[in-house]
Amino acid sequence: MTASDASRYARYDDRMAEPREGEAELELELGHVLMEIVRTTWEHEGRALRAVHAKSHALLAGEVEVPALPPELAQGVFGQPAKYRAMLRLSTTPGDLLPDRVSTPRGIALRLCDVPGERLDGAQRLRSQDFLLVNAPRFNAPDGHAFLQGLRLLAKTTDRVPRTKELVSAIARGTERALEALGGESSALKAMGGQPPVHPLGEAYFTQVPHRFGDHIAKLQLVPMTPTMQALADQRLDLADDDALRTALIDHFARDEAVWELRAQLCTSIDEMPLEDASAEWDTGLSPYRTIATVRVPAQTAWSEARSAVVDDGMAFSPWLGVEAHRPLGQIMRLRRRTYERSQAFGEDRMGPFAIGCPFEGMHGVDGSRHLDGAGPSVGAPRPPEAT
């Protein structure tokens, strides 16, 4: 059987999306904890922040190019060769705005614009597809109950003074570095501030949890491809600057581009590659990551107050803002759905409606700097009727 034979991959079935017993009650409790974080940061910052990934480090316009793919990979928005305008938001995990000396896991929200396909419930007003990726292959909790325990701890520390968190982070980073020198690592230490302070562009990012992938099921990975980016993999940043990550990204994009490969790991067996255990890392020996698209971001203004006002204060990202062919799967993703919506509703109630779709509507090419920084058409405005 060849790698291009689609029959070797597990087939998606609607029953895979059904909730577990007691999930509604767990979802309600999870929502309460997340909203506690959002309300706390509202009181402290005077703005509605995300419950997680509140601090952005780069807000970028780019392009995603999909080549001709074999049948098992030619699924959903990757079904035909195409070029999509895209935007990327690079961030770190806490729900409060902390100095980068509190070194936590990083994430990339990738939005593909003007994609075809039947929309998920609640996403009918959009024409985009969101994928959320983090710089580790495994989620740090296997199920909703463990996720809730971690969030309760996060909620209790959201209003703690940053200096205390900086001290904890420094200890965690030292412990993590010693552990990695022995060939190990700890996702718990990284979440507590022990994330090694390497350059964000040198790392690979993962959806961690599965999505429907048309007829199949997959996890996605984003891998740096240029020699410049790959050379950053072991470059440790000086965290003396409160915004060290943002500064490093601004410096990079002032002179250079970024190119990633977007890759899919197809599920071959739901017994060996489980959907419900979010902490399970799928064996690449059973199914390797395979390239499905190239993500290109040209040199541009990587972050500005104007961009932040548009994207951080005016846009929501969620794996549930997309098409049915890429429905998020597993309990963690189902629980996240309503909490994303509640956080968005809280923000819209206080800050005004979020922008629809992509803030690069009506622009030619992939450099959105002019648009996001105040020149050109109004940011977030719908395209004229002839362009829809």
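Calculation criteria
- Residues numbered from 1 in each chain as written.
- Predicted model: local features only at pLDDT ≥ 70, side-chain atom pairs only at ≥ 80, totals over all residues.
- Heavy atoms only, no water.
- Core = buried A, V, L, I, M, F, W, Y, C linked by side-chain atoms within 4.5 Å.
- Buried < 20%, exposed > 50% of the residue type's maximum accessible area, 1.4 Å probe, protein only.
- Helix = DSSP H or I, 4+ residues; strand = E, 2+ residues; numbered from the N terminus.
- Contact = heavy atoms within 4.5 Å.
- Pairing = 2+ DSSP bridges.
- Salt bridge = Lys/Arg side-chain N within 4 Å of Asp/Glu carboxyl O.
- Phe/Tyr/Trp six-rings, centres within 6.5 Å; stacked < 30°, edge-to-face > 60°.

The protein chain goes by Catalase in an unreviewed UniProt entry, where it is assigned to Luteimonas yindakuii.

Some points on the nonpolar core
Residues F78 and W260 are the most contacted members of the largest nonpolar core, which totals 41 residues. For this core, the secondary-structure elements that each account for two or more residues are β1 (55–66), β2 (82–92), β3 (106–112), β4 (129–134), β7 (216–224), α6 (244–253), β8 (258–266) and β9 (290–297). Tallying contributions element by element places β8 first for this core, with five residues. When neighbours within four sequence positions are excluded, F78 is seen to be in contact with V66, L69, L73, L112, F131, F213, L262, I292, A293 and H326.

Concerning the pairing of β2
Across the eleven residues that make up β2, a large majority, nine, are buried. Both β1 and β2 contribute to a ladder of eleven bridges, which runs antiparallel. Paired with K55 across the bridge in β2 is T92. Relative to β3, β2 is paired through seven bridges, and the arrangement is antiparallel.

Quick look at the pattern of salt bridges
Overall, the coordinates contain 18 salt bridges when judged by the stated rule. Here R106 ties to E203 by a salt bridge, and the two come within 2.8 Å at their closest N and O atoms. Separated by 97 residues along the polypeptide, R106 in strand β3 and E203 in the loop between α4 (187–191) and β5 (205–206) bring together distant segments of the chain. Among the ionic pairs, R334 bridges to E276, the shortest N-O distance being 3.1 Å. Of this pair, R334 sits in helix α8 (residues 331–351) while E276 sits in the loop between β8 and β9, and the two are 58 residues apart along the sequence. Taking relative accessible area as the criterion, R334 reaches 9% and is therefore assigned buried.

Comments concerning the packing of aromatic side chains
A full pass over the atoms with the stated rule returns three aromatic pairs. Between F78 and F131, the aromatic rings sit 6.3 Å apart at their centres with planes inclined by 25 degrees, giving stacked as the arrangement. Here the residue F78 occupies a position in the loop between β1 and β2, and F131 occupies one in strand β4, the gap between them amounting to 53 residues. Where F78 meets F213, the ring centres are 5.8 Å apart and the plane angle is 20 degrees; that geometry is what we call stacked. On the criterion of sequence distance, the pair formed by F78 in the loop between β1 and β2 and F213 in strand β6 (residues 211–213) is long-range, its members being 135 residues apart.

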